[in-house]
Amino acid sequence: IIQLYTPLNWFGTYYRMIQNSFIDMENMFELFAEDQEVKDVVNAPELRFHAGKIEFENVHFSYLDGKEILRDVSFSVMPGQTVALVGPSGSGKSTIIRLLFRFYDVKGGSVRVDGQDTSTVLQASLRSHIGVVPQDTVLFNDTIRNNIRYGRVTASDREVEEAAMAADIHDRIVSFRDGYDTQVGERGLKLSGGEKQRVAIARTILKSPQIVLLDEATSALDTETERNIQASLARVCANRTTVVVAHRLSTVINADQILVLKDGQILERGRHEELLTKGGIYSGMWQKQQSGTEESSDSDTERKDRS
Ligand code: ATP
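All values derive from a computational prediction rather than experimental measurement. (Residues numbered from 1 in each chain as written. Predicted model: local features only at pLDDT ≥ 70, side-chain atom pairs only at ≥ 80, totals over all residues. Heavy atoms only, no water.)

1. What to know about the pairing of strand 4 (residues 108–113)
Taken across its six residues, strand 4 has five buried, putting it largely inside the fold. Across two bridges, strand 4 lies against strand 5 (residues 116–117) in antiparallel orientation. Bridge pairing in strand 5 places R112 opposite D117. (Buried < 20%, exposed > 50% of the residue type's maximum accessible area, 1.4 Å probe, protein only. Helix = DSSP H or I, 4+ residues; strand = E, 2+ residues; numbered from the N terminus. Pairing = 2+ DSSP bridges.)

Written out as structure tokens, the structure is:
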């Protein structure tokens with residue numbers, strides 16, 4: 001069972017954590033508000049949100065001219081479902097998530113939410129429906145209470161605490177001398193990676209978005225922490241359309257759809273069992289993963305509470 005909580009090491013590659021980790025984009029927009037890549041068209045309407053269906057249709061994308069990063073990527077995620085992105089480092093997984101948040105505009109094809117091309121609607125309205133749990137969360141130099149409240153600035157103290165409880169960080173916070181008034185961030189108390197991720201989860205719980213974008217941590221956390229994080233993540237993703245860059249076995253096993261990316265293309269797609277039966281790239285990755293670990297998997301005993 002311990003194996004379920006250890007990070008996946010697809011293809012045995014290492015993840016370039018700093019360059020490619022999914023930084024807290026919402027913070028990025030605050031910091032670089034004047035220098036946005038993406039502009040709203042004049043009189044762009046708000047996104048008319050229904051249920052949170054996501055579609056990528058023949059998406060092409062490059063950061064720099066000449067080097068195509070996504071090549072003809074098409075997939076759809078039905079409302080409330082979870083899609084897991086797997087593949088080697090640099091295959092374009094985080095790029096897909098950035099495009100969904102409209103951090104960049106596509107070079108060809110379209111990204112749609114509930115049938116509307118995201119490049120035609122107000123960015124702010126799109127982003128108001130999307131919650132992001134990055135791999136490495138940036139904390140502001142402020143109290144832990146305000147750091148959580150950032151998920152929804154109008155939330156009451158009670159709601160902040162309820163979100164912290166759901167994210168399994170409340171007990172930790174009240175153990176600090178100043179409790180919720182503890183200063184965190186660069187100039188305050190330093191939180192561990194697992195604690196910061198739980199702050200991000202608490203923010204997302206407060207925001208209560210219908211779409212969740214999640215970049216699972218690659219760093220190994222202790223089993224207990226990992227178990228708590230998995231449980232709180234399952235809570236935040238329940239009944240929400242979720243796109244996850246997956247590094248956890250339990251995530252891929254439970255996903256409604258797995259997309260296997262390589263060099264910016266989707267090479268295989270399906271559920272875990274389907275892909276294993278197919279005997280292609282995914283099943284090769286799986287076998288490699290299995291032979292790299294001593295334990296046999298009794299993964300099915302560990303289902304996310306997502307129905
Ligand atoms: P990892 O698992 O390492 O996070 P990934 O599959 O998420 O990888 P992406 O972060 O989507 O991969 O990157 C895909 C490619 O795009 C890589 O070759 C990367 O070097 C390149 N890339 C990513 N961000 C930028 C950027 N801001 N400018 C230029 N190239 C970039």
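2. Comments concerning the packing of aromatic side chains
Scanning all chains against the criterion turns up six aromatic pairs. With centroids separated by 5.1 Å and ring planes inclined at 90°, the aromatic side chains of Y63 and Y104 adopt a geometry described as edge-to-face. Within this pair, whereas Y63 is found in the loop between strand 1 (54–61) and strand 2 (70–77), its partner Y104 is found in the loop between helix 3 (93–100) and strand 4, the two being separated by 41 residues in sequence. Through a chain of ring-to-ring contacts, three or more aromatic side chains come together here, namely F61, Y63, F103 and Y104. (Phe/Tyr/Trp six-rings, centres within 6.5 Å; stacked < 30°, edge-to-face > 60°.)

3. Observations regarding the packing of helix 6 (residues 157–166) against helix 8 (residues 193–207)
Two measures define how a pair of helices packs: the angle their axes make with one another and the distance between the axes. At a closest axis distance of 8 Å, the pairing of helix 6 and helix 8 adopts a crossing angle of 125°. In terms of axis orientation, helix 6 runs oblique to helix 8. Seen from above, helix 6 lies across helix 8 with right-handed handedness. Residues E159, V160, A163, A164 and A166 of helix 6 form the contact with helix 8, whose own contacting residues are A202, I205 and L206. In terms of residue class, the contact of helix 6 with helix 8 is built from seven nonpolar, no polar and one charged. (Axes fitted to C-alpha atoms, helices over the stretch in contact; angles between N-to-C directions. Parallel < 35°, antiparallel > 145°, perpendicular 65-115°, else oblique. Left-handed = near helix turned anticlockwise from the far one by under 90°. Contact = heavy atoms within 4.5 Å. Nonpolar A, V, L, I, M, F, W, Y, C, P; charged D, E, K, R; others polar.)

4. So, the sheet that holds strand 4
Strand pairing in a sheet relies on backbone hydrogen bonds, with the paired strands running either antiparallel or parallel. Overall, antiparallel pairing links the four strands, which are arranged 2-1-4-5 in an open sheet. The open sheet is flanked by strand 2 and strand 5, the only strands paired with a single partner. Where strand 1 lies against strand 4, five bridges are found, and the strand directions are antiparallel. Paired with E57 across the strands is S110, a residue of strand 4. Most of the contacts of helix 3 go to strand 1, to which it runs at about 115°, and overall it touches strand 1, strand 2 and strand 4.

5. Here's the deal with the pairing of strand 10 (residues 265–270)
Across five bridges, strand 9 (residues 257–262) lies against strand 10 in antiparallel orientation. Counterpart to K262 in the pairing with strand 10 is Q265. Here strand 9 folds back onto strand 10 in antiparallel fashion, the turn holding two residues, of which D263 has a positive phi close to 45°.

6. Side note on the pattern of salt bridges
Tallied over the entire structure, the rule returns 16 salt bridges. The shortest N-O distance in the salt bridge between K196 and D136 comes to 3.7 Å. You can see K196 sitting in helix 8 and its partner D136 sitting in the loop between strand 6 (130–133) and helix 5 (144–149), a full 60 residues away along the chain. Judged by relative accessible area, D136 falls into the partly exposed class, the value being 41%. Each of R145, R149, D157, E161 and D181 takes part in one network of salt bridges that share partners. (Salt bridge = Lys/Arg side-chain N within 4 Å of Asp/Glu carboxyl O.)

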